[in-house]
Amino acid sequence: MKNATRLRALITGAAGFAGTHLAEMLLADGDLEVWGTYHRSAVPALPSLDGLQTIQCDTNDSERVRHVLADLRPNWIFHLAGQSDVGGSWDSAWQTIELNVRGQLNILQAMAQLELHARVLVVGSNNEYGIVRPEDLPLDEDTPLRPDTPYGVSKVAQDMLGLQFFLSHGVRAVRVRCFNFIGPRQSDHFVTAAFAKQIAEIEAGQAEPLMRVGNLSSERDFTDVRDMARAQRLALERCADGDVYNIGSGRSVTIQHLLDILLADARCPIRIVQDPARIRPSDVPRSVADIGKFQRASGWQPRISLEQSLHDILDYWRERVRRLPVASDEWRASHVAT
């Protein structure tokens, strides 16, 4: 089962959006033995991941985490498991904090107890910075943390746990604060996927030609998930234990700009309507990363353009809607009189 000639990488949450892309990239590189955890009782259907070895592990179960790490003794741990829905964290604040913090704590405690000399990636978020002032931009790693969402609070806690275990136990934690990343297979709880899914359903005749949107004026820093996967590998290869690094594109665009690109790729006219239910209680006007520290340490540069990312996302949703036309009958039934 074990290959002594290659480093062993473990991805928690390997069945998730970021996890599948990271696993694909690590497997394509061919120089790692790659393991992935999933939390359900059956092996998930992971797309195009021949060579990925999977193991069941709920990261909220401390004994199971310790058992998995003791058995595998990985060289690298990419801890991606957790709750990542920022908007949803308002409705499930405690569950978000409990899930993200407990999972991170269990990983770090097991590493300390086992004296595991692995490197672990502690994945934080731009949401740690929270309320951003104009004079803070672009956001560097010394910008004060003012989280304004339950999700942001959970990521600050994960970040600080990584620092604490490095300082108190010598755990080789590399902390990264990832700004918004997008790409195929992302849940439609996230803005670009939500837009693309609506467009795909409209094109397929499953919905009326009307796009429901929230606040379009916010500016965010977007990176393709495939570029983010490369960055995460480089973080464990080249960045310093205990330190923290921003990862993003280094530029911001409005949500309106994303929508405009997607609509230009749409195959039919679509009307835009603002939906108050899609506006968050707290929404920072602009967020953009200073990525100089990470680039100096890693040499990383994003390769995939925003336009290519959005095109790939829309094509993904077109194919998914084509294969799973669930909404069509319900929508048609509700519109027979119109």
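Everything numeric in this text was worked out from a predicted model, so none of it was measured.

Asks: Help me understand unusual backbone geometry, please; the structure alone is not making it clear to me.
Replies: Glycine aside, negative phi is the norm for most residues, and most peptide bonds take the trans geometry. In this structure, P138 follows L137 across a cis peptide bond, with omega equal to -10°. Structurally, P138 can be placed in the loop between β5 (119-125) and α4 (150-169). In the Ramachandran plot, E115 falls in the positive-phi region, its phi being about 50° despite a non-glycine side chain. Within the fold, E115 resides in the loop between α3 (93-114) and β5. E115 gets classed as exposed once you look at its relative accessible area, which sits at 69%. Positive phi is not limited to glycine here, since R185 has a value of about 85°.

Asks: Explain the environment of E135 here, please?
Replies: The residue E135 is located in the loop between β5 and α4 in this model. Assessed through its relative accessible area of 61%, E135 is described here as exposed. Residues E135 and L105, spaced 30 residues apart in sequence, show a C-alpha to C-alpha distance of 34 Å.

Asks: Looking at this model, I keep getting lost on the packing of aromatic side chains. Mind explaining?
Replies: Each aromatic ring pair is summarised here by two numbers: the centre-to-centre distance and the angle between the ring planes. According to the stated counting rule, one finds six aromatic pairs in the structure shown. Ring centres 5.4 Å apart and planes at 80° place the aromatic pair Y316 and W317 in the edge-to-face group. Cluster of aromatic residues (ring-pair linked, three or more members): Y245, F294 and W300. Between K293 and the ring centre of Y245, over which it is positioned, the NZ or CZ distance is 5.0 Å.

Asks: What is the right way to look at the sheet that holds strand β11 (residues 244-247) in this model?
Replies: In any sheet, the strands associate via hydrogen bonds between backbone groups, in a parallel or an antiparallel arrangement. Within the open sheet, the seven strands sit side by side as β3-β2-β1-β4-β5-β6-β11. Their pairing is parallel. In this open sheet, the two strands that pair with only one neighbour each are β3 (53-56) and β11. This sheet shows a mean twist of 25° between the axes of neighbouring strands, independent of strand direction. In terms of strand pairing, strand β6 (residues 172-178) meets β11 through four bridges, oriented parallel. Pairing of R175 across the sheet is with V244, part of β11. Here helix α1 (residues 17-29) sits on the sheet and contacts β1 (7-12), β2 (32-38) and β4 (76-79); the angle it forms with β1, its principal contact strand, is near 165°. Across the sheet, helix α2 (residues 62-72) is in contact with β1, β2, β3 and β4; its angle to β3 comes to roughly 150°.

Asks: Looking at this structure, how should I read the packing of α3 against α4?
Replies: Think of two packed helices as two axes; the pair is described by the angle between the axes and how far apart they sit. Closest axis-to-axis distance for the α3/α4 pair is 9 Å, and the angle between their directions is 15°. Here α3 is positioned roughly parallel relative to α4, judged by the angle of their axes. α3 and α4 meet at a crossing whose hand is right-handed. Packed against α3, whose contacting residues are A93, T96, I97, N100, V101, Q104, L105, L108, Q109 and A112, the element α4 presents P150, Y151, V153, S154, K155, A157, Q158, L161, G162, F165 and H169 at the interface. Grouping the amino acids of the contact of α3 with α4 by side-chain chemistry returns twelve nonpolar, eight polar and one charged.

Asks: Just checking my understanding: could you explain the state of the cysteines for this structure?
Replies: Disulfide: a covalent bond formed between the sulfur atoms of two cysteine residues. Summed over all chains, the structure comprises zero disulfides. Take C178: it sits in no disulfide, and the sulfur closest to it among the cysteines is that of C239, at 11 Å.

Asks: What's the story with the pattern of salt bridges in this structure? I'm lost.
Replies: Pairing is possible between side chains that carry opposite charge, provided their charged atoms lie close to one another. A complete count under the given rule lists 23 salt bridges for this structure. Of the charged contacts, one joins R177 and E128 as a salt bridge, the two residues approaching to 3.4 Å between their closest N and O atoms. Of the two residues, R177 sits in strand β6 while E128 sits in the loop between β5 and α4, which places them 49 residues apart along the sequence. We classify R177 as buried; its relative accessible area is 4%. The buried category is assigned to E128, whose relative accessible area is 0%. A salt bridge links E319 to R322; the shortest N-O distance between them is 2.6 Å.

Asks: Honestly, the layout of surface pockets in this entry has me stumped. Any pointers?
Replies: Any empty space left between atoms is shown by rolling a water-sized probe over those atoms. In this structure, the second largest pocket encloses a volume near 180 Å³. If you go around the second largest pocket, you meet 15 residues; those closest to its centre are F222, S249, R251, I304 and L306. Elements supplying a minimum of two residues to the lining of the second largest pocket: β10 (223-224) and α9 (306-323). Counted by class, the lining of the second largest pocket contains six nonpolar, five polar and four charged residues.

Asks: It is not clear to me how the environment of L121 should be interpreted in this structure. Could you clarify?
Replies: With respect to the helices and strands, L121 occurs in strand β5. For L121, a relative accessible area of 0% puts it in the buried group. Remark: the alpha-carbon pair of L121 and V321, spanning 200 residues in sequence, is separated by 34 Å. If we ignore the near neighbours within four places in the chain, the residues touching L121 are I77, F78, H79, V174, V176, Q232, A235 and L236.

Cut-off values and rules
Residues numbered from 1 in each chain as written. Predicted model: local features only at pLDDT ≥ 70, side-chain atom pairs only at ≥ 80, totals over all residues. Heavy atoms only, no water. Helix = DSSP H or I, 4+ residues; strand = E, 2+ residues; numbered from the N terminus. Buried < 20%, exposed > 50% of the residue type's maximum accessible area, 1.4 Å probe, protein only. Phe/Tyr/Trp six-rings, centres within 6.5 Å; stacked < 30°, edge-to-face > 60°. Lys NZ or Arg CZ within 6 Å of the ring centre and 35° of its normal. Pairing = 2+ DSSP bridges. Axes fitted to C-alpha atoms, helices over the stretch in contact; angles between N-to-C directions. Contact = heavy atoms within 4.5 Å. Parallel < 35°, antiparallel > 145°, perpendicular 65-115°, else oblique. Left-handed = near helix turned anticlockwise from the far one by under 90°. Nonpolar A, V, L, I, M, F, W, Y, C, P; charged D, E, K, R; others polar. Disulfide = S-S within 2.5 Å. Salt bridge = Lys/Arg side-chain N within 4 Å of Asp/Glu carboxyl O. 1 Å grid on protein atoms, 1.4 Å probe; cavity = no way out; pocket = protein on both sides within 12 Å on 5 of 7 lines; lining within 4 Å. Points joined across faces, edges and corners; volume = space filled by probe spheres on them.

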